[in-house]
Each structure stands twice: as C-alpha cells, then as structure tokens.
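# Summary of structural features
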Amino acid sequence: IKLIDTVRCYVTGVNCNADTAFEEMSAVQERFGKTGGNVAYHAYQSFKTGEITPELCHEIGVELAKKMWGNEYQVLVATHLNTGTLHNHFVVCSTNMWTGKKFDWTSRG
C-alpha cells in the first residue's frame, strides 16, 4: 500500500505496480494490439460515513479487485481519504494479461 499525501489516498496495484501501472497496462495493450477503443474501465465502491476505517476500506477494495478480476487483469485500487465518505476507485485495464482478450462483463458469473 502506498500513501500519496498530495491527494490523501492509499494506492495499490493488483497484478501491477502502483508506481508503474500506466506503463504496465499500456505494455499489455501494445503486446496484443489492443490500444484502441476502451483501454480501461472505472468502477467504485463506497461506504457510509463512519462505517469503516480507511485501512479496512482499502483492504476490502484490494480484496474485491482480486475477486472480481483475479489474475487476469491489471487493476489500480485507490482509496480516497480526503472526503467525508471513504470510497475506492478501481481502474481496470481492459486487456487480459494472458490472452489479450478484452474484458467482457457479461461473461462473468
């Protein structure tokens, strides 16, 4: 987990390094010729004010990313600490790291 003080958030990379996630995601897309169209997806998860600690919020976010995107997709998880409501953002590379296939939500169980 990396704490970025300028924006007050925790950041963790799942299947990528938080510091080099953009470069790593771009490299996967370039390797499979998938640099056009949707290159990433954004999702979020939020909690009620006072319901959870910042650390637990981030831990839950990282675990959710692992469950949803497994070992197939690169995901950057960012937990915002600078608002009254703790929430996670997920930036998901749309290209599967191993097959090069684009992410398809409808095929998920």
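Check the entry above for the structure.
About the thresholds
Residues numbered from 1 in each chain as written. Predicted model: local features only at pLDDT ≥ 70, side-chain atom pairs only at ≥ 80, totals over all residues. Heavy atoms only, no water. Helix = DSSP H or I, 4+ residues; strand = E, 2+ residues; numbered from the N terminus. Contact = heavy atoms within 4.5 Å. Areas by Shrake-Rupley, 256 points an atom, 1.4 Å probe, with all protein chains shown as cover. Buried < 20%, exposed > 50% of the residue type's maximum accessible area, 1.4 Å probe, protein only. Polar contact = N/O pair within 3.5 Å; in protein donor to acceptor, adjacent residues only side chain to side chain. Core = buried A, V, L, I, M, F, W, Y, C linked by side-chain atoms within 4.5 Å. Arc of directions from axis to C-beta.

Counting its regular elements, the chain contains two helices and five strands. Its helices and strands in sequence order give the chain the pattern β-β-α-β-α-β-β, from N to C terminus. Put simply, 67% of the contacts in the chain that link residues at least 6 apart link residues at least 24 apart. Summed over its atoms, the accessible surface of the chain is roughly 6500 Å², and 56% of this surface lies on carbon and sulfur atoms.

Another point: the side chain of S94. Tracing the backbone through its elements, the reader meets S94 in the segment after β5 (87-93). Looking at S94, the relative accessible area reads 0%, which means it is buried. Within polar-contact distance, the side chain of S94 engages the backbone oxygen of N38 at 2.7 Å. Residues contacting S94, with those up to four places away along its chain left out, are Q29, N38, V39, A40, Y41, Y73, K101, K102 and F103.

Let's shift gears to the nonpolar core. V14, V62, A65, W69, Y73, V75, V77, F90, V92 and F103 form the largest nonpolar core, which has 10 residues in total. At the level of elements, α2 (54-69), β4 (75-80) and β5 are the ones that each hand at least two residues to this core. By residue number, the principal contributor to this core is α2, which donates three residues. Core analysis: the next-biggest nonpolar cluster, separate from the first, contains six residues, Y10, I52, C57 and L81 among them.

Here helix α1 (residues 21-31) has its buried residues at A21, M25, S26, V28 and Q29. Down the axis, α1 shows its buried residues gathered within 160° of arc, on one side only. Facing away from the buried side of α1 by more than 90 degrees, the exposed set consists of E30 and R31. Contacts from the buried residues of α1 go to β4 and β5. After α1 finishes, the residue G33 shows a positive phi value of roughly 65°.

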